[in-house]
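# A structural walkthrough
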Amino acid sequence: LWFTFKTKVPLGTFGYTFDFVFCSGEWPTYVDTQFNDLLVAWQVDPTPADPNADPPIMPYTGNVAFIPDPNDPDAALPLTITALDPYYDNPGYTYDEPQLAGTGFEQHACSGWFTAKGGVQPGADLTIGFFITDMGDPYFTTTAILDNFRWDCKGCVPSEVDDCGVMQPQ
């Protein structure tokens, strides 16, 4: 399942953020297996690079939905049930917790809210796409809830895991 939207980045704006929840019917049985559903948030910023500009213009095209690896703070992982496994128990919701009642994810898991952050160039004709896929089987569902897209004047540097990607709200 996927969708895209196109937008013009407002002048003076160097980033955006959005919030999401990731729910999995494959958790916990299929953690660390080939059945590892995936969420991707892909941006395309066609602005030409200019490393000599002040500040340098380094547009980013790629996935902004990655999460810091809890075993290696300098690495990042894609958003899968395996990568999110340590985040489901706390601050997420698992098994019979009342927050899962009536969702279809009872006995499974939903993460708490996360915030994803991407870097952009002011004035760019930006395309952002979201893709969620059922990896390896068509039987157990994964659902992502997306909310609260907003522009961020400060932005981030997409090559630095701590500055872009996915963050847990404090």
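One structure accompanies this document, and this report is about it. (Residues numbered from 1 in each chain as written. Predicted model: local features only at pLDDT ≥ 70, side-chain atom pairs only at ≥ 80, totals over all residues. Heavy atoms only, no water.)

### Quick notes on unusual backbone geometry
For the bond running from W27 to P28, omega is 0°, close enough to zero to count as cis. Mapped onto the fold, P28 is located in the loop between β2 (15–24) and β3 (38–44). Positive phi, close to 55°, is recorded for Y95, a residue that is not glycine. Tracing the chain through its elements places Y95 in the loop between β7 (93–94) and β8 (109–110). Of the residues examined, Y95 reaches a relative accessible area of 37% and is grouped as partly exposed. (Helix = DSSP H or I, 4+ residues; strand = E, 2+ residues; numbered from the N terminus. Buried < 20%, exposed > 50% of the residue type's maximum accessible area, 1.4 Å probe, protein only.)

### Looking at the side chain of N63
Counting through the fold element by element, N63 comes out in strand β4 (residues 62–63). On the basis of relative accessible area, N63 is assigned to the buried category, the value being 16%. At 2.8 Å, the side chain of N63 forms a polar contact with the backbone nitrogen of A65. (Polar contact = N/O pair within 3.5 Å; in protein donor to acceptor, adjacent residues only side chain to side chain.)

### With respect to the packing of aromatic side chains
Under the defined criterion, the tally for this structure stands at 12 aromatic pairs. A centroid spacing of 5.5 Å and a plane angle of 90° characterise the contact between F5 and F149, whose relative ring orientation is edge-to-face. Here the residue F5 occupies a position in strand β1 (residues 2–8), and F149 occupies one in strand β11 (residues 142–152), the gap between them amounting to 144 residues. Accessibility expressed as a relative area gives 26% for F5, which makes it partly exposed. With a relative accessible area of 32%, F149 lands in the partly exposed category. One aromatic cluster is present, built from ring pairs that chain together F3, F18, F20, Y87, F114 and F130. (Phe/Tyr/Trp six-rings, centres within 6.5 Å; stacked < 30°, edge-to-face > 60°.)

### Quick look at helix α1 (residues 81–88)
Among the residues of α1, those classed as buried are I81, A83, L84, Y87 and Y88. Taken around the axis of α1, the buried residues stretch over an arc of 145°, which confines them to a single face. Buried positions along α1 lie against β2, β5 (66–69), β6 (72–80), β7, β8 and β9 (114–119). (Arc of directions from axis to C-beta. Contact = heavy atoms within 4.5 Å.)

### Points about the state of the cysteines
What we call a disulfide is simply a covalent bond connecting the sulfur atoms of a pair of cysteines. Scanning the model with the defined rule gives 1 disulfide in all. Between the sulfur of C23 and that of C110 lies a disulfide, 2.1 Å long from S to S. Because the torsion about its S-S bond is 115°, the bridge between C23 and C110 counts as right-handed. Of this pair, C23 sits in strand β2 while C110 sits in strand β8; the two residues are 87 residues apart in sequence, bridging distant segments of the chain. In terms of burial, C23 and C110 fall into one category: buried. Looking at the unpaired C153, the closest cysteine sulfur is the one in C156, lying at 13 Å. Classification of C153 as exposed rests on a relative accessible area of 55%. (Disulfide = S-S within 2.5 Å.)

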